Amino acid sequence: MKRSSPFPSPARGRQIGRDCRFGRRSRPEGEPHGCGESTCPEGADEGGSSESKSSPHPNPLPQAGEGEKHAPPKPFTVTEGHRQVRSFVLRQGRFTPAQQRAFDELWPRFGIEYDGKPRDFDAVFGRSAPRVLEIGFGNGEALRFSAARDPDRDHIGLEVHAPGVGRLLNALAEDDARNVRLYHHDAVEVLANEAADGSLDEVRIYFPDPWHKKRHHKRRLVQPEFAALLVRKLAPGGRLHLATDWQDYAEHMWDVLDETPGLSNRAGPRGSVPRPPWRPQTHFESRGLRLGHGVWDLLYDRS
Ligand SMILES: C[S@@+](CC[C@H](N)C(=O)[O-])C[C@H]1O[C@@H](n2cnc3c(N)ncnc32)[C@H](O)[C@@H]1O
């Protein structure tokens, strides 16, 4: 199997003046955006936002894999062409020395190494607490915010984009976060193989890659099969929260999720809710709003 390294060494290139549609003025030559064609988390917050807070924790938790030297995690294990939902393209992106250091030094503390076997999350966190899982956290702005304001719940973040993982590792260390663990891995594989059925209190998918072109719609993460997987992993009474700034993707989410057995749209058929307090307005989203996009928050209850 041939694939480009998901764990790039710091790549520097000549800055060129090509604008991306999200307003990022330039990027190193030859580097594409950090995620799908319309999104650019590279331009988003560097992880040192003003949301920085410490999150006092009732119990000091053991650290994942303490003492182990981090081997670069692989973001997926099956041949790329055979992934169930090809929702991402691995791109090098900017990878700074600080992010590299974060992987070297902080991964043992916050990272979970994917191994494709059922995971005992109580053992990972050293306690039994409700669990929130965020898919595709980008730079981790929302995950960081939520973990700090909700210390009684454990947070699991899934992301394939290495620079974003690096940024969040640094932010979590700054916050001394005790209730967050990260996978640098394909969300579909983690959910299918490591999360027990009924083990999640909440799943969040914020601004997933919209894959605009019709022929790419099958790459959208939200698909009937994936929705059924989410229903299985959510505990009864659990919650699914999605946000998008593309009306066409909101419509697609309604098409799929309103019809998914086991999910009920809290706002009624094809309904959305105002941004709830646990989701901050991120840098990425603010830029979308400046460009005149709407934002749709969709909340589903697991029956
Ligand atoms: C448009 S970005 C949004 C990032 C972030 N949620 C935000 O609101 O700023 C979508 C992110 O989902 C990640 N992603 C896409 N498919 C994924 C998958 N199957 N597993 C894990 N992450 C994925 C991409 O790498 C990208 O960072």
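These figures come from a predicted structure and were not determined experimentally. Along each chain, residue indices are assigned from 1 in the same order as the chain's sequence is written. Under the rules for a predicted model, residues below a pLDDT of 70 receive no local features and side-chain atom pairs below 80 are neither given nor counted, while totals for whole chains, interfaces and linings still include all residues.

**Focus: the environment of R131**
Here is step 1 of the chain: Numbering of helices and strands starts at the N terminus; helices are DSSP runs of H or I of at least 4 residues and strands are runs of E of at least 2. Along the polypeptide, R131 turns up in strand 3 (residues 131-135).
Here is step 2 of the chain: Here the C-beta atoms are placed from the backbone, and a residue counts as buried if at least 20 other C-beta atoms lie within 10 Å of its own, exposed if 12 or fewer do, and partly exposed otherwise. Note on R131: 24 C-beta atoms within 10 Å, which makes it buried.
Here is step 3 of the chain: In the structure, R131 is positioned 22 residues away from R153 in sequence and 5.6 Å away in space, judged by C-alpha atoms.
Here is step 4 of the chain: Sequence-distant contacts of R131, defined by excluding residues within four places in its chain, comprise F121, R153, D154, I156, S199, L200 and D201. Residue pairs are scored as contacts if the distance between their C-beta atoms, which are placed from the backbone, is within 7 Å.

**Structural notes on the confidence of the model for the protein**
In low-pLDDT regions, the fine details of the predicted coordinates are not to be read closely.
Here is step 1 of the chain: Values of pLDDT, which run from 0 to 100, indicate the predictor's confidence residue by residue. Summing up the model confidence of the protein, the mean pLDDT is 78 and the portion of residues at 70 or higher is 70%.
Here is step 2 of the chain: Counted against residues more than four places away or in other chains, residues 1-74, with its pLDDT under 50, gives 156 contacts.

**Notes on the packing of helix 3 (residues 141-149) against helix 4 (residues 162-175)**
In a packed pair of helices, the relevant descriptors are the angle between the two axes and the axis-to-axis distance.
Here is step 1 of the chain: Convention adopted: a line fitted to C-alpha atoms gives each axis, helices being fitted over their contacting stretch, and angles between N-to-C directions are expressed from 0 to 180 degrees. Taken N-terminus to C-terminus, the directions of helix 3 and helix 4 make an angle of 20 degrees; their axes are 10 Å apart at the nearest point. The angle between helix 3 and helix 4 falls in the class roughly parallel. Handedness of the crossing formed by helix 3 with helix 4: right-handed. On helix 4, the residues touching L143, R144 and A148 of helix 3 are L168, A171, L172 and D175.
Here is step 2 of the chain: Taken together, the residues of the contact of helix 3 with helix 4 sort by class into five nonpolar, no polar and two charged. In this scheme, roughly parallel covers angles under 35 degrees and roughly antiparallel covers those over 145, while 65 to 115 is roughly perpendicular and the rest are oblique. A clockwise turn of the near helix away from the far one marks a right-handed crossing, whereas an anticlockwise turn of less than a right angle marks a left-handed crossing. Under this grouping Gly is polar, as are all residues other than the nonpolar Ala, Val, Leu, Ile, Met, Phe, Trp, Tyr, Cys and Pro and the charged Asp, Glu, Lys and Arg.

**Focus: helix 3**
Here is step 1 of the chain: Of all the nine residues making up helix 3, eight are buried; the element is thus mostly covered by neighbouring parts of the structure.
Here is step 2 of the chain: Regarding helix 3, the residues found buried are E141, A142, L143, R144, F145, S146, A147 and A148.
Here is step 3 of the chain: The elements touched by buried residues of helix 3 are strand 3, strand 4 (154-158), helix 4, strand 5 (180-183), strand 6 (200-206) and helix 8 (283-290).

**Structural notes on helix 4**
Here is step 1 of the chain: Taking 1.5 Å of rise per residue, 14 residues should cover 20 Å, and helix 4 covers 20 Å from first to last C-alpha, within 8% of that figure.
Here is step 2 of the chain: Taken as a whole, helix 4 has its buried residues at A162, P163, G164, V165, G166, R167, L168, L169, N170, A171 and L172.
Here is step 3 of the chain: Considering only its buried residues, helix 4 is in contact with helix 1 (97-110), helix 3, strand 4 and strand 5.
Here is step 4 of the chain: At the C-terminal side of helix 4, D176 shows a positive phi close to 50 degrees. A helix's residues, less one, multiplied by 1.5 Å, set its expected span.

**Details of the nonpolar core**
Here is step 1 of the chain: Within the largest apolar cluster, 59 residues are counted, with the highest numbers of intra-cluster contacts made by L168, L169, V203 and L230.
Here is step 2 of the chain: The element that contributes the greatest number of residues to this core is helix 4, accounting for six residues.
Here is step 3 of the chain: Ignoring any residue separated from it by four or fewer positions in sequence, one finds L230 in contact with V203 and L240. A set of buried residues drawn from Ala, Val, Leu, Ile, Met, Phe, Trp, Tyr and Cys, joined through C-beta atoms within 7 Å, is what defines a nonpolar core.

**Focus: the packing of helix 1 against helix 4**
Here is step 1 of the chain: Axis separation between helix 1 and helix 4 bottoms out at 8 Å; the angle between their running directions is 65 degrees. By crossing handedness, the relation of helix 1 to helix 4 is classed as left-handed. Residue-level inspection shows A98, Q99, Q100, A102, F103, L106, W107 and F110 of helix 1 in contact with helix 4, the latter providing P163, G166, R167, L169, N170, L172 and A173.
Here is step 2 of the chain: For the contact of helix 1 with helix 4, the class distribution of residues is ten nonpolar, four polar and one charged.

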